[in-house]
Amino acid sequence: MARRRIVAEPSKDQTEPLLVVDDLHTTFRTPSGRVRAVNGVSFELKQGRTLGIVGESGSGKSVLSRTIMGLLPSNNVEVTGSARYRGNELVGAKSSVLRSLWGSELSMIFQDPMTSLNPVMRIGKQITEVLRHHLDMSNDEAEDMAVSLLRSVKIPEPEKRVRQYPHELSGGMRQRVVIAVALACGPHLLFADEPTTALDVTVQAQILDLLDEQQRERFMSMVLVTHDLGVVAGRAHDIAVMYAGRIVEMAPTRTLFQNMRMPYTQALFESIPKLDLPSHTRLTVIPGRPPDLVNPPTGCSFAPRCERAQARCLEEQPPLMEAETPDHRYACFYPVGTPEGDEALAENRRRGYQAAGVPVMIQEKAS
Ligand SMILES: Nc1ncnc2c1ncn2[C@@H]1O[C@H](COP(=O)(O)OP(=O)(O)OP(=O)(O)O)[C@@H](O)[C@H]1O
Ligand SMILES: [Mg+2]
């Protein structure tokens, strides 16, 4: 398999952020309490850049994307903070304003591709409806455009495909149609939420390459959401690692891989299948479970699973701190690759760190 590519940095003149997210919180009111799904997220995204958002299941990646897009359920949800797209506030924006942005400015590929396509509508019509609604095209124009969009996402025989129904296409082809629909109106910002989860590995790579290519050709900004750090490795300019509703580390991709500071990022990295390992090698999984988002722990939310955790980590939530490397921030008191981090790890090991992922110091505190 080809080596993973590191994306080239775009020129420095693209300095104006397209999207500025500031202290965004999304809370669901549920019978069992308030679920803090997004808990103070801030980041900026410039035009033409791809931001990878990675984290385990339940870390808030989809809710974050949906909050920015304005696609949350209307009941029992509270959103605070700000998400400005080209200077326009999206949080609390009227639905008429959001509707005018969807498709032509902001677009999203949803996590489950099967639910994105209408099973009883021909492929061509699913695309022409979008085009006619947003771009006010005639029938003929929209039909021509649908064919050329299918061609641009490398669907063979597009003239034939427009007359077919989703079930007549393979999973990979359906996902290409979903991408064509999302790109139909030429959005400037695309959220791709686990765009390849349901596909096998070879098709996954093709779809990710296609998204890459479209992002570059259109100079679009893209938020690529995945639970797999390996997926964003060669495709994102920057990576944000999410844990329990927060960004816990964020950096340009190369910096993150060369200089990761957050033990959670390191654990995610170690769970990426390595091609050079013998085939019988067991994959590392991160021991323990993510915290309850209704009653999150007082200190660092990763502490109960962290092999470096010390008393301070249980008591105090580490803020996002600036690393020495540019544009790199992390939330950890005992970071990877630092003397204090190494000492914390050595100390826990001396005291009999348990393989179950619960440092002995925490077991002592609990008993
Ligand atoms: N409508 C809702 N009501 C209550 N809780 C919700 C709702 N939607 C999401 N959540 C909760 O918010 C948290 C974050 O969910 P989210 O779907 O964003 O996770 P994710 O990181 O996208 O996970 P995955 O990788 O499995 O897609 C989860 O604990 C989830 O149960
Ligand atoms: Mg999700």
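As a reminder, the structure under discussion sits directly above these lines.
Residues numbered from 1 in each chain as written. Chains lettered and ligands numbered in written order. Predicted model: local features only at pLDDT ≥ 70, side-chain atom pairs only at ≥ 80, totals over all residues. Heavy atoms only, no water.

### Section: helix α5 (residues 139–152)
Right, on to step 1. Between its first and last C-alpha atoms α5 spans 20 Å; for 14 residues at 1.5 Å apiece the expected length is 20 Å, and the two agree.
Right, on to step 2. Taken as a whole, α5 has its buried residues at Ala 142, Ala 146, Val 147, Leu 149 and Leu 150. Down the axis of α5, the buried side of the element spans an arc of 160 degrees, and every buried residue falls inside it. Counted as exposed and oriented over 90 degrees from the buried face of α5: Asp 140 and Asp 144.
Right, on to step 3. Of the surrounding secondary structure, the elements contacted by the buried residues of α5 are α4 (123–135), α6 (158–161), α7 (171–183) and α8 (201–218).
Right, on to step 4. Remark: Lys 154 follows α5 within two positions and exhibits a positive phi of approximately 60 degrees. (Helix = DSSP H or I, 4+ residues; strand = E, 2+ residues; numbered from the N terminus. Expected span 1.5 Å × (residues − 1). Buried < 20%, exposed > 50% of the residue type's maximum accessible area, 1.4 Å probe, protein only. Arc of directions from axis to C-beta. Contact = heavy atoms within 4.5 Å.)

### Structural notes on the site of ligand 1
Right, on to step 1. Taken together, 14 residues lie near ligand 1, and Ser 57, Gly 58, Lys 61, Ser 62 and Gln 111 sit nearest.
Right, on to step 2. Note that an oxygen atom of ligand 1 is positioned 2.8 Å from one of the backbone N or O atoms of Gly 58.
Right, on to step 3. Within the backbone of Ser 59, a nitrogen or oxygen atom sits 3.1 Å from an oxygen atom of ligand 1.
Right, on to step 4. Protein burial of ligand 1: of its 640 Å² of free accessible surface, 66% is covered by the chains.
Right, on to step 5. Mapped onto the shell around ligand 1, the elements with two or more residues apiece are β1 (17–30) and α1 (61–69).
Right, on to step 6. Broken down by class, the residue content of the shell around ligand 1 amounts to four nonpolar, seven polar and three charged. (Near = heavy atom within 4 Å. Polar contact = N/O pair within 3.5 Å; in protein donor to acceptor, adjacent residues only side chain to side chain. Areas by Shrake-Rupley, 256 points an atom, 1.4 Å probe, with all protein chains shown as cover. Nonpolar A, V, L, I, M, F, W, Y, C, P; charged D, E, K, R; others polar.)

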